[in-house]
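Structure at a glance
Single-letter residue listing:
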Amino acid sequence: MMMDMNLIIGGEAGQGLNTLETLMLPVLKEAGFHLFAAKDIMSRIRGGVNIVTIRVAGQEKNGYRKKSDVFISLSNEAFAWAENRLTAETILIGPADILDKRGAKWHNNRTYALESKPQGAEPMPINMVVSGLISGLFRLDFSLLAEKTASLFGDKGEKRLAANQAALKAGYFQGEKIDGLEVERCLDAGERSLMNGSQAIALGAVAGGCNFLSFYPMSPATGVAIYLAQRAGEFGMVVEQYEDEIAAAGASIGAWYAGARAMVTTSGGGFALMEESISLAGMSETPMVLHLAQRPGPATGLPTRTMQGDLNLVLHAGHGEFPRVIFAPGTLEEAFHLTQKAFNLADKYQVPVFILTDQFFVDSYTCLPRLQADGSENTYHVVATESYYRRYELTTGGVSPQGIPGHGDGVVIANGNEHDEYGDTTEDEQLSQRMPEKRMKKMEVLAGESLVPGFCGHKEYKILLICWGSTYSTAREAVELSSRDDLGLLHFSQLWPLPADLDRYFQKADKIVVIEENVTGQFAGLLQQFFPGNYFESMLKYNGRHFYVEEIVEKLEAL
Amino acid sequence: MNTFVSTRPGSKDISWCPGCGNFAIRNVLMEVLADLELDPVDVALISGIGQAAKMPHYIQANGFHTLHGRAIPIATGVKSANPSLTVIAEGGDGDMYAEGGNHFLHGLRRNADITLLVHNNQVYGLTKGQASPTTMIGMKTPAQPEGVFEEPLNPLALAIASNASFVARAYSGQADKTKEILRQAILHRGFSFVDIFQPCVSFNKINTYDWYEKNTYWLKDHDQGNREAALQKALEAFPFPLGIFYQHQKKTFEENIVAYRDDQTPLSQRRVNVEALHKYL
């Protein structure tokens, strides 16, 4: 029995791979497997090449593997696109014409022609045939599949449902004939949830008391907004699509000013438009929580692909100087808990808090232990105002008690101009110095609360690898698989402010390599600036695709 | 009666030019808010950037002096976080029609129950005399030395074409009538938009008090519920009609928000709905 199996399905937009994923991930999870699924899709509605990678395992394996154990290709283009992920052991499945056309090089592989066009009958929905086939491969209980299909697509009408059931059955029958692909099950499905990065962020926001979401659609960040928009009533949340990202960020600031807990979700281009508002948040000391799902730039770049290229953007976003916090979760659990935490930090310190993810992270599904939160973790900092309330009262820690309109006897004056303690505009020489100092004081406290990076690997390492955000699981698995016994891995889920005592990790290493998905090694550059006594090398990938485990292993061997 | 006169130290030194129409608008606004028996703690003035947008510093009410052009979405955020507040977005013609033009259009569509006051002096004041979207063709400025050639924006026609729920034009030189328009605008349920003609004594030597007296007239026997008649009036120029052009009732943004359907609690008092959250964890 296999420990885990990497299944790759390729086709074109419009063939229903999304539906296949919607159906098969919960089915596989309920059957007792651990799952990890990632998307490699083109920015188009029809045609092109879309690839779904589903890793089915008996234990938690969330690395992005290149090698495919089974490759189901539904188009010639998809076959060519993913051919570099095939090996001599890969089982090839697809319509006979595609296998024939592409088969020459792979004639020694096990190949199975997929039948979806019975003679004299209508062609069957190919995504349903493949779903049935996958279920057959894993010898799943067919009734599980049938029930899930009925519950997901029952509202499409009986005729459609019957056609789907027939296609599933035809596929199942074909899958059952393929031997040797059984994977061990962990069988604790009930204790585990299946979700993607967008959902983890959205639910983390809910857990953090978020009750206001404003956005403008932009891949890959829209998933968070859609998830919350569809549940706005249940969560008691105001969700509105604004006319642009400038308005979305502005509305968010207005909402915080009036006492809401607000979030915006966007990608790089939209974020660039929000920078002016972020600066306003900095000056007016209005809290903000911003989710930025990165994709490759500059400009429109690769809209549906992944990159870690916006760290410097977030680090320096907004004109002028003001404190901020940047989180970059490495797992869905972290995404959930850090998003929740973002609201409490933003509220407490009245600063913008950024959650930096990317396309790979938000679109990837995984099974995880049920998340725990009941709101008791949250702290709320709004005070009732007294007459002559001073919004920007100079305090020792830099934080002035936050009042909101309509709550207490005072009025609340917030201001994007430099201001006196009441919030009224001033150009006074003393205040013009004390106010920036007051704002920046918060940075010291925030630095003291910085998250320590997570360590794994060999305690007596010679080579220290560093990664941040979404590359965690893949880098970790590469370290585990590597034959080297001198590797340590440090994962940062908070990128700013950095904790002070990192030199103890760096000084033990002969060599430090920062793994990240951008062109210039942005995090390496940041570390170099703050820990100049060390030298930070880079291991980079920047073609819009996530690192493969094998790719990192190979580079590690060559270090 | 509540007073909206501010005694904060920053309210003493007002940075408007002597004779500026902003003084009259401020006085009218303070009187209307007091007449409506509103409490300053329940009123929020959200302004952009410009001379007009300094208003929150000279009135006793909640205020947020924000960014150029952005007052409308920020005010919308305030209102939808706490619908019990009286929210007024305020700024000049450059603020609302140039930098904030897109927000103006979509603010009309969204129909949040806020009031938008645009101090329209047909010129840029704070940046010293450049043309605004409502500057008349031919006016020469330091930045447009050959004279303005762009067609002036017609904000009222735009608003009526967008089926805005309350559209009016007032004139700062006639306080009583302006006060009545502001009163109705604040009372109106939905997005109420008032363009206020206002002389700029420093930078606009064409549209003076005298010019406005000669080139405006108050609407009489006008059917405020008739959109076509309103549009016709909005297209009139030299003289420009003043008054309420168009008003009608439609569902507000807040009334459309599902989170308020069964629960009027402002967002600041809401806590995590644990039951709903656990359903999805």
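Residues numbered from 1 in each chain as written. Chains lettered and ligands numbered in written order. Predicted model: local features only at pLDDT ≥ 70, side-chain atom pairs only at ≥ 80, totals over all residues.

A word on the interface of chain A and chain B. Counting from both sides, the interface comprises 57 residues of chain A and, opposite them, 51 residues of chain B. Elements represented by at least two residues in the side of chain A that touches chain B include exactly α7 (197–207), α9 (232–235), α10 (245–257), α11 (268–284), β16 (402–408) and β17 (413–415) of chain A. The greatest single-element share of the side of chain A that touches chain B, amounting to 9 residues, is contributed by α10 of chain A. Of the residues in the side of chain A that touches chain B, the class split is 28 nonpolar, 20 polar and 9 charged. (Contact = placed C-beta atoms within 7 Å. Helix = DSSP H or I, 4+ residues; strand = E, 2+ residues; numbered from the N terminus. Nonpolar A, V, L, I, M, F, W, Y, C, P; charged D, E, K, R; others polar.)

Across the junction of Trp-496 of chain A and Pro-497 of chain A, the peptide omega takes the value -10°, indicating a cis bond. Although it is not a glycine, Lys-128 of chain B sits at a positive phi angle of roughly 75°. Here Lys-128 of chain B shows up in the loop between β4 (115–120) and α5 (155–161). Classification of Lys-128 of chain B by C-beta neighbours within 10 Å gives exposed; the count is 12. The phi angle at Asn-163 of chain B is positive, at roughly 60°, despite the residue not being glycine. (Buried ≥ 20, exposed ≤ 12 C-beta atoms within 10 Å, placed from the backbone.)

Moving on to the sheet that holds strand β21 (residues 494–496) of chain A. Residues and elements named next belong to chain A. The strand order β9-β8-β10-β11-β13-β12-β21 describes an open sheet built from 7 strands, whose pairing is mixed. Only two strands of the sheet have a single partner each, and these edge strands are β9 (238–241) and β21. For this sheet, the mean angle separating the axes of adjacent strands, direction not counted, is 20°. Pairing between strand β10 (residues 262–266) and strand β11 (residues 288–294): 3 bridges, direction parallel. By the bridge assignment for β11, Thr-266 is matched with Leu-292. Each of β8 (212–215), β9, β10 and β11 touches α10; the most contacted strand, β10, lies at about 165° to it. (Pairing = 2+ DSSP bridges. Axes fitted to C-alpha atoms, helices over the stretch in contact; angles between N-to-C directions.)

Moving on to the domain arrangement of chain A. All names here are of chain A. Taken domain by domain, chain A holds domain 1 (4–187), domain 2 (194–369), domain 3 (382–448) and domain 4 (454–557). In this complex, domain 2 contributes 15 residues to the contact, which on the side of domain 3 involves 16 residues. With 3 residues, α11 is the largest single contributor of residues to the side of domain 2 that touches domain 3. Its residues assigned to classes, the side of domain 2 that touches domain 3 comprises 9 nonpolar, 4 polar and 2 charged. (Domains from an automatic or database assignment.)

What follows deals with helix α8 (residues 227–234) of chain B. For α8 of chain B, the complete set of buried residues consists of Ala-230, Lys-233 and Ala-234 of chain B. The buried residues of α8 of chain B occupy an angular sector of 100° when the element is viewed end-on, so they sit on one face. (Arc of directions from axis to C-beta.)

Time to look at the nonpolar core. The biggest cluster of nonpolar side chains holds 241 residues, and the ones touching the most others in it are Leu-465 of chain A together with Val-167 of chain B. Setting aside residues no more than four positions away along its own chain, Val-167 of chain B makes contact with Leu-156, Ala-159, Ile-160, Phe-193, Ala-230, Phe-245 and Tyr-246 of chain B. One finds Val-123, Ala-131, Val-148 and Cys-200 of chain B within the second-largest nonpolar core, a separate group that totals 6 residues. (Core = buried A, V, L, I, M, F, W, Y, C linked by C-beta atoms within 7 Å.)

On to helix α1 (residues 21–35) of chain B, then. In a regular helix each residue adds 1.5 Å, so 15 residues correspond to 21 Å; α1 of chain B covers 21 Å between its end C-alpha atoms and thus fits that length. Of the residues flanking the end of α1 of chain B, it is Glu-37 of chain B, one or two places downstream, whose phi is positive at about 55°. (Expected span 1.5 Å × (residues − 1).)

Residue and element names in this part refer to chain A. Burial analysis of strand β22 (residues 511–516) places 5 of its 6 residues in the buried class, the great majority of the element. As paired elements, strand β19 (residues 463–468) and β22 share 5 bridges and run parallel to each other. Paired with Ile-463 across the two strands is Lys-511, which belongs to β22. Relative to strand β23 (residues 536–540), β22 is paired through 5 bridges, and the arrangement is parallel. Of the residues in β23, the one forming a bridge with Val-514 is Ser-538. In terms of handedness, the path from β22 via helix α18 (residues 522–530) over to β23 forms a crossover that is right-handed. (Right-handed = clockwise from strand over helix to strand, strands pointing away.)

What follows deals with the sheet that holds β22 of chain A. All names here are of chain A. Strand order across the open sheet formed by 5 strands is β18-β20-β19-β22-β23, with mixed pairing between neighbours. The outermost strands of the open sheet, each flanked by one partner alone, are β18 (454–457) and β23. Across the sheet, the mean angle from the axis of one strand to that of its neighbour is 25°, orientation sign disregarded. As paired strands, β18 and strand β20 (residues 487–492) are joined by 4 bridges and run antiparallel to one another. Within β20, the residue paired with Phe-455 across the bridge is Leu-490. Here α18 sits on the sheet in contact with β19, β22 and β23, set at roughly 140° to β22.

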